[in-house]
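A closer look at the structure
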Amino acid sequence: MASSNTIFALTFLVFASITSLLACAYEVTHDDRAIVINGERRVLLSGAIHYPRSTAQMWPDLMKKAKEGGLDAIETYVFWNAHEPVRRQYDFSGNHDLIKFIKTCQENGLYVVLRIGPYVCAEWNYGGFPVWLHNRPGLKAFRTNDQVFMREMQNFTTLIVEKVRKEKLFASQGGPIILAQIENEYGNINGPYGDDGKEYINWCAKLANSFGIGVPWIMCQQHDAPEPMLETCNGWYCDRYKPTNPTTPKMWTENWTGWFKSWGGKDPYRTAEDLAYSVARFIQLGGTFQNYYMYHGGTNFGRTAGGPYITTTYDYNAPLDEYGHLNQPKYGHLKELHSVLHSLEKNIVYGNITTTKLDNSIQVTVYGFNGTKTCFFSNANETADATINYQGTDYKVPAWSVSILPDCKTEVYNTAKVNTQTTVMVKEGDKATDEGSAAALRWSWRPEMVDDTILQGKGQFSANQILDQKVANDVSDYIWYMTSVNLDKDDPIWSKDMRLRVNGTGQVLHVYANGKYVDSQWNDYSLFETNIKLNPGKNLLTLLSASIGFQNYGAYFDLGGNGLYGVEIVGKKGDETVSKNLGSHKWSYKVGLHGEQNKLFSSNKNSRSASQWLSDNLPTARRMTWYKTSFKAPAGEDPVVVDLMGLGKGFAWVNGNNLGRYWLILAKGDCPTEPCDYRGPYTNNKCLSNCGNPTQRFYHVPRSFLNHGDNNNNNDLVLFEEIGGTPSLVRFQTVRPGTVCANAYENKAAEISCPGRNITEIKYANFGHTRGTCGGFEKGLCGGAEDAMDILKTACLGKESCSVTASESVFGATNCDGSHTKKLVVEAVC
Ligand code: GAL
């Protein structure tokens, strides 16, 4: 038996060697083929997780799942406006704790790709730039040779680099960061910036270099990236991409795993087959670094969504869903691919590549390495399956797919053959007795005080012009524009049917005249017109403009308008249209809502305004109304959402945490009735769902926002309702895997799992031919072993996961004659 001293000494040794390993600097370089870590070329599979789009409490689980999903690295942008909302006032707390995020990656054995930007695009407000930057004296434009801009950019990027360096997080210091990015897709939009753009990008490269961080820098979508910046590709496919510089490896920084959502739009999704195809093709044709954008999309909390019109959910149809659940089959199908690619790493990065193009978009690639051969067979045909004869053997390769044969003999993976279960999520918590059910919620309310604006036209500042919303440094979505209009009956525009015409950037506008509500318009208006009744004498015109996030993309997007830019009153003199331009009137401005200033959303029960909530006569369909309720956190650990059906548009807060903008606007247009065909090039308009329903009905309430424990109703939900709705249907629910459907081709195993719970029912099982999709299977042309259901029940019921092989030895002989591919298909309930 070892003495306690020996054990102590051994433990110490192990501990010491782990810590020294962690602290050991390692070298990251590149050659024309791959990123090289400590002298070894690597295949690197990475996934984007943006730290402010989840909570610090969620990060360990997300990272664990990313690691288990076969990722080597996590990629994130750095969000300038999150960290420096006010000039030189910094925030690195909570889900802005970049250092903690990077360390969480490291703790989970993941490298980090740090895209500092500071321009990020990312459907993030103003592309990540703080609005105060636009208002800096002397600044003309962002992302160009503008000294004021560059000074601020240098200040922020230096701050980030030094913060990270201080914590020894670069690979050259033993940390997990293997790559860093400066700028973002500047090459896509640099044309209009001319020579100033060129000077700027050279300056960016010099700045990055000057930091001496000891790991390579990348510039995505920048074919003329100044050396030593590495150019990379972004898109749904990068197989045909070739870096301009022959010494740059073929790297793909954004493989879009789905797409983002816009208010009033449908849900885009991208199939697992097509995503896997894009990755396998990229590697087949010489790619060695690939990053999923997004691996976990998450949530645009608060006012962080930009675009404009980007929803609060940023689920992105990514492999991990908004709440952190596995999005199956996408997650599992990629996991299998990752494991095959990792097992072939040496062949891929060191092998001699020979690609032969055959007819009909078929390509055979052989990687020869150390006397071994690995094959990739791809069929880029959009409809026709192919049979490839390779060295005397026929291989079937379905349309739009890649087969991988590690020994050029046996196919171990085909991108179109999905062996992973499909998981359908369910929401729970509808019973009247459930915590947070609609019946359990008692509401109080109060009006947003608007007398000073719509009755009195009082503002905080004024100007003889119509100002852009950026003037207010983006502290609120809302800004009131007020002016008085003097009219007498001799005025050329005076008539019975005068109209108000407003030119704006088309987000939301509410109009009041002489204290009365007139009209509202939203979603993509650029010209707003409404009848307006004005009186002889003095009239008060009050316009409330609400932004839905600032622009985030395009050349000079920073200069694009937000809010109103033209107001006129149009009348008729006989047949002639005459107008009165109010552009140079004296306008008075008020920024934000009283409720925002008074923090009605805060959970501070002792605040001065706490007693002013009314519990009688709860109004419905009332504009500009605050609602409040208390609730008990749903039991358990499943993610929580709040269902805001019945409401219009506004903001929701739980215990003072801003869940984001809500809007129950419907997804316009029709969706295809057939499931999306994975074959053929994907675009964000190809595969769509959720037509006719609210674009976003459910809003994530991260568990860390909630007070748990036995105290009843110790959580507050506050809503600000802008356009009118009813809170009576609002409820809290939990989200969990409900139905799982698995399938396995002959001699493969169907893996069924209900993470964190047991399989309670087998609804369907068949080894043979099955028709339909998950939730609606029926037996097809052949197969149908009588006891398939019993076999599955015995193997799976009461277990968290089970695995059953699709073979005749398990299920007995079938009557399938070979004209149909036999599959085991199972539907189970969690
Ligand atoms: C890219 C951009 C990303 C993101 C993506 C679309 O062009 O680099 O930040 O905006 O498009 O989701």
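Being a predicted model, the structure only gives us computed values, none of them experimental.

Right, let's get into the side chain of Thr-232. Tracing the backbone shows Thr-232 in strand β9 (residues 230-235). What makes Thr-232 buried here is its relative accessible area of 0%. Within polar-contact distance, the side chain of Thr-232 engages the side chain of Thr-253 at 2.7 Å. Those residues within four positions of Thr-232 in sequence are excluded, and the remaining contacts are Ile-218, Met-219, Cys-220, Gln-221, Gln-222, Tyr-241, Met-251 and Thr-253.

So, on to helix α4 (residues 98-107). Every buried residue of α4 is listed here: Leu-98, Ile-99, Phe-101, Ile-102, Thr-104 and Cys-105. Gly-109 lies just past α4 and shows a positive phi near 70 degrees.

Let us now look at the site of the ligand. Surrounding the ligand, one finds 14 residues, the nearest of these being Tyr-77, Glu-123, Glu-185, Glu-254 and Tyr-316. In the model, an oxygen atom of the ligand is placed 2.8 Å from a nitrogen or oxygen of the Ala-122 main chain. Here Glu-123 contributes a side-chain N or O atom positioned 2.7 Å from an oxygen atom of the ligand. Notes on the ligand: free accessible area 310 Å², of which the protein chains cover 95%. Grouping the constituent residues of the shell around the ligand by class yields ten nonpolar, one polar and three charged.

Take the sheet that holds strand β34 (residues 649-654) next. Taking strand neighbours across the sheet as the criterion, the five strands line up as β21-β32-β38-β34-β35 in an open arrangement whose pairing is antiparallel. The strands lining the two open edges of the sheet, one partner per strand, are β21 (443-447) and β35 (657-663). Neighbouring strand axes in the sheet, compared pairwise and without regard to direction, differ in orientation by 20 degrees on average. Where strand β32 (residues 625-631) and strand β38 (residues 715-721) come together, seven bridges link them in antiparallel fashion. Opposite Thr-629, over in β38, you have Leu-717 as the bridge partner.

Moving on, we get to the environment of Cys-691. Tracing the backbone through its elements, the reader meets Cys-691 in the loop between β36 (688-689) and β37 (698-701). The spacing of Cys-691 and Ala-667 is 24 residues in sequence and 5.2 Å in space, taken between C-alpha atoms.

With that settled, consider the state of the cysteines. Within the structure shown, the criterion is met by eight disulfides. Across the disulfide from Cys-233 sits Cys-238; the S-S distance is 2.0 Å. One disulfide, between Cys-233 and Cys-238, carries an S-S torsion of -80 degrees and so falls in the left-handed class. Like Cys-238, Cys-233 is buried. Bridging Cys-676 to Cys-687, the disulfide has an S-S length of 1.9 Å. Its S-S torsion of approximately -50 degrees makes the covalent link between Cys-676 and Cys-687 left-handed. Taken together, the residues span a long stretch of sequence, with Cys-676 in the loop between β35 and β36 and Cys-687 in the loop between β35 and β36 at a distance of eleven residues. For the pair formed by Cys-676 and Cys-687, the shared burial category is buried.

Attention now moves to the environment of Cys-204. Within the secondary structure, Cys-204 sits in helix α7 (residues 194-210). Each C-alpha atom, one on Cys-204 and one on Thr-144, is 9.9 Å from the other, the two residues being 60 residues apart in sequence. Sequence-distant contacts of Cys-204, that is, excluding residues within four places in its chain, are made with Met-153, Ile-182, Glu-183 and Met-219.

On to α7, then. Every α-helix carries 3.6 residues per turn, so stepping three or four residues along brings you back to the same face. The end-to-end C-alpha separation of α7 is 25 Å, in line with the 24 Å expected for 17 residues at 1.5 Å each. Of the positions making up α7, those classed as buried are Gly-197, Tyr-200, Ile-201, Trp-203, Cys-204, Ala-205, Leu-207 and Ala-208. Contacts from the buried residues of α7 go to α6 (147-166), β7 (177-182) and β8 (217-220). Gly-212, located one to two residues past α7, shows a positive phi value of around 55 degrees.

This next bit is on the confidence of the model for the protein chain. Per-residue confidence for the protein chain gives a mean pLDDT of 94, with 96% of residues at or over 70. Of all helices and strands in the protein chain, the one with the weakest mean pLDDT is helix α1 (residues 4-23) (47), whereas strand β4 (residues 44-49) scores best (99). Here residues 6-21 is modelled with pLDDT under 50, and outside its nearest four sequence neighbours on either side it reaches one contact, counting other chains as well.

With that settled, the discussion passes to the domain arrangement of the protein chain. Domain boundaries assigned for the protein chain yield domain 1 (39-327), domain 2 (350-418), domain 3 (425-448 + 596-735), domain 4 (451-588) and domain 5 (746-829). A C-alpha centroid distance of 33 Å is found between domain 1 and domain 2. Taken together, the 14 residues of domain 1 in the interface contact 18 residues of domain 2. Contact between domain 1 and domain 2 buries roughly 1,300 Å² in total, counting both sides, with carbon and sulfur atoms accounting for 58%.

Criteria and cut-off values
Residue numbering note: each chain is counted from 1, following its sequence as written. Under the rules for a predicted model, residues below a pLDDT of 70 receive no local features and side-chain atom pairs below 80 are neither given nor counted, while totals for whole chains, interfaces and linings still include all residues. Water and hydrogen atoms play no part in the side-chain values, which are based on all heavy atoms of the structure. Helix numbers and strand numbers start at the N terminus; a helix is a DSSP run of H or I with at least 4 residues, a strand a run of E with at least 2. Categorising residues by exposure relies on relative accessible area from a 1.4 Å probe, with only protein chains included: less than 20% of the type maximum marks a residue as buried, more than 50% marks it as exposed, and the intermediate range marks it as partly exposed. In the analysis that follows, any N or O atom pair within 3.5 Å is treated as a polar contact, provided that within protein one partner can donate a hydrogen and the other can accept it, and provided that, for residues neighboring in sequence, both atoms belong to side chains. Throughout, a residue-residue contact means that at least one pair of heavy atoms, one from each residue, lies within 4.5 Å. Working definition: residue near molecule or strand if any one of its non-hydrogen atoms lies within 4 Å of it. Accessible surface area values rest on a Shrake-Rupley calculation with a 1.4 Å probe, where residue burial reflects the displayed protein chains alone. Charged means Asp, Glu, Lys or Arg here, nonpolar means Ala, Val, Leu, Ile, Met, Phe, Trp, Tyr, Cys or Pro, and polar covers whatever is left, Gly included. DSSP calls a pair of strands paired once it identifies at least 2 bridges connecting them. Lines fitted to C-alpha atoms define the axes here, with helix axes fitted over just the stretch in contact, and angles between the N-to-C directions of these axes take values from 0 to 180 degrees. The disulfide definition used here is simple: a pair of cysteine sulfur atoms within 2.5 Å. A helix's residues, less one, multiplied by 1.5 Å, set its expected span. A score from 0 to 100, pLDDT tells how confident the predictor is in each residue. Note that the domain bounds were set by an automatic or database domain assignment. Buried area is a sum: the accessible area each of two parts loses on coming together, probed at 1.4 Å, counted once for each and added.

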